[in-house]
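Chain residues, written in single-letter form:
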Amino acid sequence: MLIAPSAFAAGPGGTAPQSHDPDHEPVDLSAVKVRASVLPGTAEDLARPVEVLAGERLDTAKASSLGETVNKLPGVQSSYFGPGVGRPIVRGFDGARVQVLSDGLGSGDVSTVSADHAVSIEPFLANQIEVLKGPSTLLYGSGAIGGAVNVIDGRIPEAATDEPLQGRAELRAGTVNDEKTGMLRLDGTSASGKLVFHFDALHRETGNYAIPGFAESARQLAAEGETPDPATSGTLANSALRTDSGALGLSWVGERGFAGVGYSLFNTRYGVPGHSHDDGDGDGHGHDAGDGHDHGDDAHGDDTHGGDAVHILMDQRRTEVRAGLDELGVFETLRIKFADTRYTHTEFEGEAIGTVFDNSSKEARLELVHQPWAGWRGAFGVQWAHRKFDAVGAEAFVPGTEGNDTGLFWIGERRSGDFKFELGARHDRNTIDAVPQPLAPLRANSRKFEALSGSAAVQWELSDRFHASLGLDRSQRVPTAEELFSNGLHVATGTMEIGDETLGVETANRLELGLRWHGERIDLGAAVYGIRYADFIYQAIPTSLDDPGNPLLDGGVPVRLWSQADARFHGMEADATIALVDNDRGAWDLRVFGDIVRGKLASGGNERDVDVEVFHGGHAHRHAARISEQGNLPRLAPARLGSELSWSNGTWRASLGAVRYLKQDRVATNETTTPGYTLVDAHLAWHRDTPTGNAWEVFVDGSNLLDQEARPHTSFLKDLAPLPGRGIAFGVRAFF
């Protein structure tokens, strides 16, 4: 696996420079420094599982969403709510259990509030993407109990550039959705070598994308008794996308440190396929009783946002300050980070505004790496975050909330012979205050939580080629505002979503064994893990006591209740790269990988009766229901097998790959199975270095070359919106 050296070369204190090497020379991926770890090290050095994308491999993987970009890493898949929305799923966990970071600070969006909300990070502008698999609460708090994805964009320079002015640019187009994307990045240093600046900009436009057949699955059409209009075949209506992103950063760089400030914006407008809204009756009952969607003619029209089709306009403005200082006596480095993020998200129904989400957040982080104490090299850290959230509109199912979180942590490592030990602990204090609900005067509108996490890991170098690791974690996550206080129609999922203000902290205990072999021609890695959750927070599907055996409906809309029960997860993943041939005709490598995860409730088959209140304007509907605390968890990522054959010979490189997503038949109550499918892709690139030290690269990428109907089990829209059909993307990159 190869990357560009500029993606990881270290500056002062182990920080990454903000430049791209114009020569774009490949180097060993295992040497990349993982910036998500407070103690600098490579993915090979860390006892905890980490995957890294950078350089050529990142260029090949980049997509319009972060989830799709990391989708082919072992143990990592993506959610899907149309091309505008794709959030990483790490070992079956997503949403509020996987933290998305911009170089160590939260993204500041509301992508965890609803499945149709996008992540406000542009993958095309990334230098490097790191995926921390397994609990990362020690470093990033309870929102990372399932893992973390850290995107490095270098928007605030930390070191001088190699040249006075350098950068890269890319232009690309695509056939499956009429894509047009342009990107420019510039980095430069003043004559004094002290002032360093960064600038980047991106614009993307796509139309509705092509699909093999009809938008709705055969199962959905049969259930509705519909005969689709042949004119709607071949295109997914309301799947267009437009994105603009840009940033400007300026830093002062000295011999022992740096200080910088940056400002960035992210603006995107995207359709939500398969969704259109009726006016309703004031109670939110104007939705189809089966799934909360209206599949009338407007939902399948040719207009990008015609009729009452739903589309989202998202705008984020972010200011960051970062600073670092090295060689502080007993301390090696000091790093300070601060971000102030203003986010607005407007959901349109046709041309009318439906709901507006506002999110204002501030986050600060201090990391202090100390010299070895009693043989332990470690780091102290403090993290503070404030969030003020508000939703206004007929479909604002979550009330306005304000929250604060403060975390203190220490992590350390020590080597002893062939062993490396890692220890860590963290304590978090969290408060959440919600706007009072007049219909529930006795409800607790303010909650306080404390979470304590700890971990231990050991890495054993059995030989120069064979490494083994063992990790044990105890991690805790506090409930989110959505899980505590939601009450109303959640249009994205077509359900009445009801929170529980009495929810407590959930606790995960994880045990993992990892193996890594580096041979002359073979690199092999594998991991097996198990996680036992106490008080796992999940959405229960209640059955009605008034209509025994049938799901609880409110005005024809299914009800979902946030609840807690014990749960068990286990899984495994493996990947191998085999050097087949390396001669004057080129180097041939074969990569294979696979992953599987299982998750189910494990509270002994208990059932309990609950009283349910659903708020509607000035009144509430009351129901008696029963929930089960057993069975599979919904939308769990299916097992996969993948392979890729790659070739490179000087200026040329090419690859052909396929990923088989197996049928998912381990489903939750009232959840349907999902057929398997195979996605085949291919890539070809020609690279030329110029005499002046610049470089050009022309590329062609093919996706879903078999034009398969692919419906991800992880998607709420699996029966309404398949993945894009066969597509060819092509373009040119310049490095200077």
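As the structure is a computational prediction, the values presented were derived from the model and not from experiment. Residue positions are given per chain, counting from 1 as you read along its sequence in written order. Since the coordinates come from a predicted model, pLDDT governs what is reported: local features require at least 70, and pairs of side-chain atoms require 80 or more to be given and counted, while whole-chain, interface and lining totals use all residues. Each side-chain value is derived from all of the structure's non-hydrogen atoms; neither hydrogens nor water enter the calculation.

What to know about the overall build of the protein
Moving on, step 1. Helix and strand counts for the protein come out as five helices and 36 strands.
Moving on, step 2. Considering the protein as a whole, with its 736 residues, one finds that 57% of them fall into the buried category.
Moving on, step 3. Note that accessible areas follow from Shrake-Rupley with a 1.4 Å probe, and for residues the cover is restricted to the protein chains shown. Counting only carbon and sulfur atoms, one obtains 57% of the accessible surface of the protein, whose full area is about 28600 Å².
Moving on, step 4. Across the protein, the centroid of the 67 positively charged side chains sits 6 Å from that of the 104 negatively charged ones. In this description a helix means any DSSP run of H or I spanning at least four residues, a strand means any run of E spanning at least two, and both kinds are numbered starting from the N terminus. When a residue's accessible area, from a 1.4 Å probe over protein chains only, is under 20% of the maximum for its type it is buried; when over 50% it is exposed; and in between it is partly exposed. Positive charges come from Lys and Arg alone, negative charges from Asp and Glu alone, with His and the N- and C-terminal ends not counted. For the purpose of locating charges, the reference atoms are NZ of Lys, CZ of Arg, CG of Asp and CD of Glu.

A look at unusual backbone geometry
Moving on, step 1. Of note, the phi angle at E327 is positive, near 60 degrees, even though the residue is not glycine.
Moving on, step 2. Relative to the helices and strands, E327 resides in strand 15 (residues 309–328).
Moving on, step 3. A residue is classified by how much of its surface remains accessible, and E327, at 59% relative accessible area, is exposed.
Moving on, step 4. Despite not being glycine, D707 shows a phi value in the positive range, around 55 degrees.
Moving on, step 5. Structurally, D707 is set in the loop between strand 35 (695–703) and strand 36 (727–735).
Moving on, step 6. Judged by relative accessible area, D707 falls into the partly exposed class, the value being 28%.

Considerations on the nonpolar core
Moving on, step 1. We define the nonpolar core as a collection of buried residues of types Ala, Val, Leu, Ile, Met, Phe, Trp, Tyr and Cys that are connected through side-chain atoms lying within 4.5 Å of one another. Of all hydrophobic cores here, the largest spans 45 residues; its most connected members are I129, Y533, F536, F569 and V612.
Moving on, step 2. Mapped by element, the contributors of at least two residues to this core are strand 6 (98–102), strand 8 (128–133), strand 9 (147–152), strand 24 (495–498), strand 26 (522–540), strand 29 (557–583), strand 30 (586–616) and strand 31 (619–632).
Moving on, step 3. Should any heavy atoms of two residues lie within 4.5 Å, those residues are considered in contact. Every residue in contact with F536, bar those within four places of it in the chain, is listed here: F93, R97, E506, S563, Q564, A565, A567, F569 and L633.
Moving on, step 4. Core analysis: the next-biggest nonpolar cluster, separate from the first, contains 34 residues, Y270, F357, A492 and Y661 among them.

As for the environment of S648
Moving on, step 1. Within the fold, S648 resides in strand 32 (residues 640–649).
Moving on, step 2. For the pair formed by S648 and A352, sequence separation is 296 residues and the distance between their alpha carbons is 52 Å.

Focus: the confidence of the model for the protein
Moving on, step 1. Of all residues in the protein, 91% have pLDDT values of 70 or greater, and the mean over the chain is 89.
Moving on, step 2. On a scale of 0 to 100, pLDDT captures the predictor's confidence in every residue. For the stretch residues 1–23, pLDDT sits under 50, and the model shows 85 contacts to residues farther than four places along the chain or on other chains.
Moving on, step 3. Long-range and interchain partners of residues 277–306, a stretch whose pLDDT sits below 50, account for 72 contacts in this model, where long-range means more than four residues apart.

What about the pairing of strand 18 (residues 376–393)?
Moving on, step 1. At least two DSSP bridges between two strands are needed for those strands to be called paired. Pairing geometry for strand 17 (residues 352–373) and strand 18, over 17 bridges, is antiparallel. When the sheet's bridge partners are listed, K362 is paired in strand 18 with H386.
Moving on, step 2. Between strand 17 and strand 18, which follow one another and run antiparallel, lie two residues, and A374 among them has a positive phi close to 55 degrees.
Moving on, step 3. Strand direction decides the pairing type here: strand 18 and strand 19 (residues 401–416), joined by 13 bridges, are antiparallel. Within strand 19, the position partnered with V382 by the bridge is L408.

Things to note about the pattern of salt bridges
Moving on, step 1. What makes a salt bridge here is a side-chain nitrogen of Lys or Arg within 4 Å of a carboxyl oxygen of Asp or Glu, nothing more. Applying the stated criterion across every chain yields a total of 50 salt bridges.
Moving on, step 2. The salt bridge partner of D103 is R322, with a shortest N-O separation of 3.9 Å. Linking D103 in the loop between strand 6 and strand 7 (105–106) with R322 in strand 15, this pair joins segments that are 219 residues apart in sequence. Taken individually, D103 and R322 each receive the classification buried, so the pair is uniform in this respect.
Moving on, step 3. For R510, the salt bridge identified is with D473, shortest N-O distance 2.3 Å. Taken together, the positions of R510 in strand 25 (residues 506–518) and D473 in strand 22 (residues 466–477) put the pair 37 residues apart, joining distant regions of the chain.
Moving on, step 4. The class of R510 is buried, set by a relative accessible area of 3%.

Structural notes on the side chain of D315
Moving on, step 1. By the secondary structure assignment, D315 is in strand 15.
Moving on, step 2. Filtering out sequence-adjacent residues up to four positions away, D315 remains in contact with F266, N267, R342, Y343 and T344.

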